[in-house]
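# Working through the structure, step by step
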Amino acid sequence: MALAPNSISPEEWGIIWLSLKVSAAAMVATLPVGFALAWALARGRFPGRVLLDGLVHLPLVLPPVVTGWMLLIVFGGQGVAGRWLAAMGMPVMFRWTGAALAASVMALPLMVRAIRLSLESVDRRLEAAARTLGASPMRVFVTITLPLALPGVLAGMVLGFARSLGEFGATITFVSNIPGETQTLPLAIYAALQVPGQEGIVTRLALISVGLSLVALVASEVLTRRMGMRAHVL
Amino acid sequence: MSFEVDVSITRGSRRIAAGFATGPGITALFGRSGAGKTSVLDMIAGLARPDEGRIAVGGRVLFDAEAGIDLRPEVRGCGYVFQDYRLFPHMSVEGNLRYGWRMAAPDARWIAFEQVVEFLGLGGLLTARPRRLSGGEAQRVAIGRALLSGARFLLMDEPLSSLDADRREEIMRVIERIRDELALPILYVSHDRREVERLAGQIVEMD
């Protein structure tokens, strides 16, 4: 059995663990940024809104290698943000944190989309009713808007996590393919494919990828349904 | 004076204007659909900002364009009963009823939770979710929620329009009891002449 637990080597477990760690970090890091952007796009009325919308969605359509190259310029050893992060004791070059950063940028559009849809589906009339009952705008957000949008926010997180698990192009461009540090599942599969006689490893890692992604997508879909959102994220 | 209103607002290409001063009890805001009755309620509640004018209720100024007064909706002390109920779907009936009560200053709470439950006959519904309620039940919960928020006056927007004949009678009796026993000033929007004549002591026509 290709997928029996005892047929998975310690190295492969390490790859799976690294992938989960990178994806979880990417999801957590993207959430506040994604929520703020989703809020601005769903509720904000400001000049440049369309441009912001476009910028957020750019990683979805750009060749991932371009996104990776841009990350290299900004967060690389010579980049402004890269030097600042290194000085703060959080270097990203050739580190798993860099892989998480790349995954985070690639997951952002999907997360923003899901959260934005859920915010847009919140009935503003309920918020108005809460105001007349004595709730300040902040209180309305905490007691009405957020609970009603929560399934969509969770769906967005799961979707961002799933997208991060599959991230390849921007990661390999930005932080290379270093076993134990930046070599997540897709990168490990790619590396194994380069060497003859590694079909067993490729099959096992590929099946694990399919399983993890499927679980994440189903979870996101269930959350979306529970919310009765008209527009599905998938 | 209960309601003193003299406002105008532009909605799209239309200008909606209303000017009236009322005595105690129920005042009906009467007119055909689309005359801007709901806009007037929204302006009194603070959900829409008039272009100009003045709004006072029970002598308290809520809005005065010239004096630069525009109280936020949450401090206006208004109990707004919406045509579409607007119960919070993620809370139980009890959660809905207590929502405004929790936020009201203790000295603004003039009626107790148990009193409202008794008054509106909501005892058996407290744990139910709003989507399981009938129209009449939902309307009673909406009225209870408004009373418990410490409302100093009520705005009712066609509260009977989506109910069948039996439920209309039931809610109509509730409104009469609020008028007679709780003595709250009520501004009541309707386009039904019979309803208005039965409930209201005063009628403001809008066209």
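Note: the structure precedes this text.
Let me begin by describing the structure that accompanies this report. Treat the numbers as computed from the prediction; the structure is a model and nothing was measured.

Quick look at the pattern of salt bridges now. Think of it this way: side chains of opposite charge can pair up when their charged atoms draw near. Residues and elements named next belong to chain B. This model, assessed by the stated rule, comprises 27 salt bridges over all chains. The partner of Asp-70 in a salt bridge is Arg-49, and the shortest N-O contact between them spans 3.1 Å. Placement of Asp-70 in strand 6 (residues 69-70) and of Arg-49 in the loop between helix 1 (37-45) and strand 4 (52-57) is noted, with a sequence separation of 21 residues between them. We classify Asp-70 as partly exposed; its relative accessible area is 35%. Residue Glu-181 is joined to Arg-177 by a salt bridge in which the shortest nitrogen-to-oxygen separation is 2.9 Å.

Another aspect to go through is the interface of chain B and chain A. The interface of chain B with chain A comprises 21 residues on the first partner and 18 residues on the second. Of all residues in chain B, the largest losses of buried area upon contact with chain A belong to Glu-74, Tyr-99 and Met-103 of chain B, amounting jointly to 33% of the total for that side. Counting every contact that joins chain B to chain A gives 2 salt bridges. Arg-125 of chain A is the partner of Asp-84 of chain B in a salt bridge, and the nearest nitrogen-oxygen pair spans 2.7 Å. Between chain B and chain A we count 5 residue pairs in polar contact (both at pLDDT 80 or more) in total. Taken together, the elements giving at least two residues each to the side of chain B that touches chain A come down to strand 7 (78-81), helix 2 (93-103) and helix 4 (135-148) of chain B. No other element matches the 3 residues that helix 2 of chain B contributes to the side of chain B that touches chain A. When grouped by side-chain class, the residues that make up the side of chain B that touches chain A number 13 nonpolar, 3 polar and 5 charged.

Residues and elements named next belong to chain B. Where strand 1 (residues 3-11) meets strand 4, 6 bridges bridge the pair, whose relative direction is antiparallel. By the bridge assignment for strand 4, Ser-8 is matched with Glu-52. Pairing between strand 1 and strand 2 (residues 14-21): 8 bridges, direction antiparallel. Bridging from a neighbouring strand, Asp-6 pairs with Gly-19 of strand 2. Taking the residues that link successive antiparallel strands as the turn, the strand 1-strand 2 hairpin has 2 residues, and the phi of Gly-12 there is positive, at about 65°.

For the coordinates displayed, the defined rule picks out 6 aromatic pairs over all chains. Feature note: the residues Phe-35, Trp-39 and Phe-141 of chain A constitute an aromatic cluster, connected by ring pairs. Against the face of Trp-101 of chain B rests Arg-98 of chain B, its NZ or CZ located 5.8 Å from the ring centre. Taking NZ or CZ as reference, Arg-145 of chain B lies 4.6 Å from the ring centre of Phe-88 of chain B, over its face.

Attention shifts here to the nonpolar core. Counting 59 residues, the largest nonpolar core has Ile-144 of chain A together with Phe-20, Ile-44, Phe-88, Tyr-99 and Leu-155 of chain B as the members making the most contacts within it. With residues up to four places along the chain from it excluded, the contact list for Phe-20 of chain B reads Phe-3, Glu-4, Val-5, Leu-29, Val-40, Leu-187 and Val-204 of chain B. Residues Ile-111, Met-156, Ile-186 and Ala-200 of chain B belong to the second largest nonpolar core, which totals 41 residues.

Residue and element names in this part refer to chain B. Read across the sheet, 5 strands follow the order 7-8-9-3-10 without closing on themselves; strand pairing throughout is parallel. Looking at strand neighbours, the two that pair on one side only are strand 7 and strand 10 (202-205), the edges of this open sheet. The mean angle between the axes of side-by-side strands here comes to 20°, regardless of whether they run parallel or antiparallel. Where strand 3 (residues 26-30) meets strand 10, 4 bridges bridge the pair, whose relative direction is parallel. Its bridge partner lying in strand 10, Thr-27 is registered against Gln-202. In this fold helix 5 (residues 165-182) packs onto strand 3, strand 8 (153-157) and strand 9 (186-190), with an angle of close to 155° to the strand it touches most, strand 9.

What follows concerns helix 1 of chain B. With respect to burial, helix 1 of chain B is a largely interior element, 8 of its 9 residues being buried. Phi turns positive one or two residues past the end of helix 1 of chain B, at Gly-46 of chain B, with a value near 90°.

This part is about a nonpolar patch on the surface. Residues and elements named next belong to chain A. Nonpolar side chains collect at one region of the surface, where Leu-51, Leu-55, Leu-58, Leu-60 and Val-61 lie side by side and expose about 500 Å² of accessible area between them. Residue placement: Leu-60 occurs in helix 2 (residues 49-61). Note on Leu-60: relative accessible area 44%, which makes it partly exposed.

Once that is clear, we can look at the pairing of strand 9 of chain B. Residues and elements named next belong to chain B. Of all 5 residues in strand 9, 5 are buried; the element is thus mostly enclosed. Here strand 9 shows two buried faces, one formed by Ile-186, Tyr-188 and Ser-190 and the other by Leu-187 and Val-189. Where strand 3 meets strand 9, 5 bridges bridge the pair, whose relative direction is parallel. Bridge pairing in strand 9 places Leu-29 opposite Val-189. What joins strand 8 to strand 9 is helix 5, and the crossover it makes is right-handed.

So, about the environment of Arg-167 of chain B. Residue and element names in this part refer to chain B. Tracing the chain through its elements places Arg-167 in helix 5. Overall, Arg-167 belongs to the partly exposed group, its relative accessible area being 33%. C-alpha separation for the pair Arg-167 and Glu-137, spaced 30 residues apart in sequence, amounts to 8.8 Å.

On the secondary structure map, Ser-136 of chain A appears in the loop between helix 6 (124-132) and helix 7 (137-166). On the basis of relative accessibility, which here comes to 29%, the residue Ser-136 of chain A falls in the partly exposed class. When neighbours within four sequence positions are excluded, Ser-136 of chain A is seen to be in contact with Arg-131 of chain A together with Glu-74 of chain B.

Residue and element names in this part refer to chain A. At a minimum axis distance of 5 Å, the contact between helix 1 (residues 10-43) and helix 5 (residues 96-120) shows a crossing angle of 40°. In terms of their interaxial angle, helix 1 and helix 5 are classed as oblique. Crossing hand, helix 1 versus helix 5: right-handed. Of the residues in the contact of helix 1 with helix 5, the class split is 23 nonpolar, 3 polar and 4 charged.

Reading guide: rules and limits
Residues numbered from 1 in each chain as written. Chains lettered and ligands numbered in written order. Predicted model: local features only at pLDDT ≥ 70, side-chain atom pairs only at ≥ 80, totals over all residues. Heavy atoms only, no water. Salt bridge = Lys/Arg side-chain N within 4 Å of Asp/Glu carboxyl O. Helix = DSSP H or I, 4+ residues; strand = E, 2+ residues; numbered from the N terminus. Buried < 20%, exposed > 50% of the residue type's maximum accessible area, 1.4 Å probe, protein only. Contact = heavy atoms within 4.5 Å. Buried area = accessible area lost by both parts, 1.4 Å probe. Polar contact = N/O pair within 3.5 Å; in protein donor to acceptor, adjacent residues only side chain to side chain. Nonpolar A, V, L, I, M, F, W, Y, C, P; charged D, E, K, R; others polar. Pairing = 2+ DSSP bridges. Phe/Tyr/Trp six-rings, centres within 6.5 Å; stacked < 30°, edge-to-face > 60°. Lys NZ or Arg CZ within 6 Å of the ring centre and 35° of its normal. Core = buried A, V, L, I, M, F, W, Y, C linked by side-chain atoms within 4.5 Å. Axes fitted to C-alpha atoms, helices over the stretch in contact; angles between N-to-C directions. Patch = residues over 30% accessible without salt bridge, like charges linked within 9 Å, V, L, I, M, F, W, Y side chains within 5 Å. Areas by Shrake-Rupley, 256 points an atom, 1.4 Å probe, with all protein chains shown as cover. Right-handed = clockwise from strand over helix to strand, strands pointing away. Parallel < 35°, antiparallel > 145°, perpendicular 65-115°, else oblique. Left-handed = near helix turned anticlockwise from the far one by under 90°.

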